[in-house]
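Coordinates in review
What follows is each chain in one-letter form.
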Amino acid sequence: MLDVVELLARSGNLRLRFSDIVRELNLTQATAHAILKTLCDRGWASRDPVAKTFSLGPALGVVAARTDTARPLAHAARTAALRLSREVGYATSVVERFGDSLVVTAFEGDPASQPAGIPGDRIPYAPPFGVALAAWDTEEEQRAWIRRGAGDDTDRIQRLERVLERTRERGFDIDWTTPALAQAVQMVATLDIDEMPTPVRHIIDQLLVEFTTIGFLSDDNPGRRKRPVVTIAAPVFDRRQRVDMMVAVHPLCQLSARQIRVIGKKLTDQTAAITESQRTVDRAV
């Protein structure tokens, strides 16, 4: 049932037909019919009787209205993302961690500028994803993040450690990968490698780490004047000063080092303000 709700949420303004839902979620017609009837009866989904398409229902508006109060940190991050999008002129997003997955929970800006394949999707919290979170995560979680991408390979472990170290030094994460490479990373990361032979799994793991070091250590070679930037991201900390989510800017274009620094400064000013607001609330309490 939740898969259907998430699918309707990801579709945005695109109305889905019954056959679309069956196909996308690989459901039987009987199962899809039972789920959609329940969702429509409860107001979580709505069916257009003319177009015979489905969308999110009005009952979810009540849930959304209460979310800002129940999750103030996420609300502050979404507000910062909206403000940044208007200020820098690029799309922005909020990415939250749920277990070993990352989910884009807010997106501001032109839908055409969305990074390929990620809005609304669950992304593995593993290299090359989530650098801005992993760089400030606990040492134990950093080791786990690196291990998910490098296994026991010493060289790959060191390269990923360097990615996290460089990100902390800079204060924010920069993904220099081209849109085509970002799409390739997403495609490779969604493969079900458990069903593949061991040699193939090793090759896929190596590909992902290669993508990471190409996309995140490019500023070690500052000779080029402009470089393609997919994402600039910074962490948001909760009241316990633990990294909780990240706010990201998505230029998806060539930027100079100066332009990157300007965006990075605006971004970290916003995330620092969110963190300070959490401290203010704690002091008031």
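That block above? That's the structure.
Residues numbered from 1 in each chain as written. Predicted model: local features only at pLDDT ≥ 70, side-chain atom pairs only at ≥ 80, totals over all residues. Heavy atoms only, no water.

**Here's the deal with the pattern of salt bridges**
This model, assessed by the stated rule, comprises 14 salt bridges. Residues R166 and E169 are paired through a salt bridge, measuring 3.7 Å at the closest nitrogen-oxygen approach. Here R166 and its partner E169 are both found in helix α8 (residues 154-170), three residues apart, which amounts to about one turn of the helix. Each of R97, D100, D137, E141 and R148 takes part in salt bridges that share partners, so that together they form one network. (Salt bridge = Lys/Arg side-chain N within 4 Å of Asp/Glu carboxyl O. Helix = DSSP H or I, 4+ residues; strand = E, 2+ residues; numbered from the N terminus.)

**A look at the side chain of Q142**
Structurally, the position occupied by Q142 is in helix α7 (residues 139-150). The class of Q142 is buried, set by a relative accessible area of 15%. Among the polar contacts made by the side chain of Q142, one reaches the main-chain carbonyl oxygen of A134 at a distance of 3.2 Å. Apart from the residues within four sequence positions on either side, Q142 is in contact with A134, A135, W136, D137, L164 and R168. (Buried < 20%, exposed > 50% of the residue type's maximum accessible area, 1.4 Å probe, protein only. Polar contact = N/O pair within 3.5 Å; in protein donor to acceptor, adjacent residues only side chain to side chain. Contact = heavy atoms within 4.5 Å.)

**Focus: the pairing of strand β3 (residues 53-56)**
Strand direction decides the pairing type here: strand β1 (residues 16-17) and β3, joined by two bridges, are antiparallel. Note that in β3 the partner of L16 across the bridge is F54. Examined bridge by bridge, strand β2 (residues 45-48) and β3 share four bridges and lie antiparallel to one another. Within β3, the residue paired with A45 across the bridge is L56. Linkage of β2 to β3, two consecutive antiparallel strands, is achieved through a turn of four residues, within which K52 is found at a positive phi near 55°. (Pairing = 2+ DSSP bridges.)

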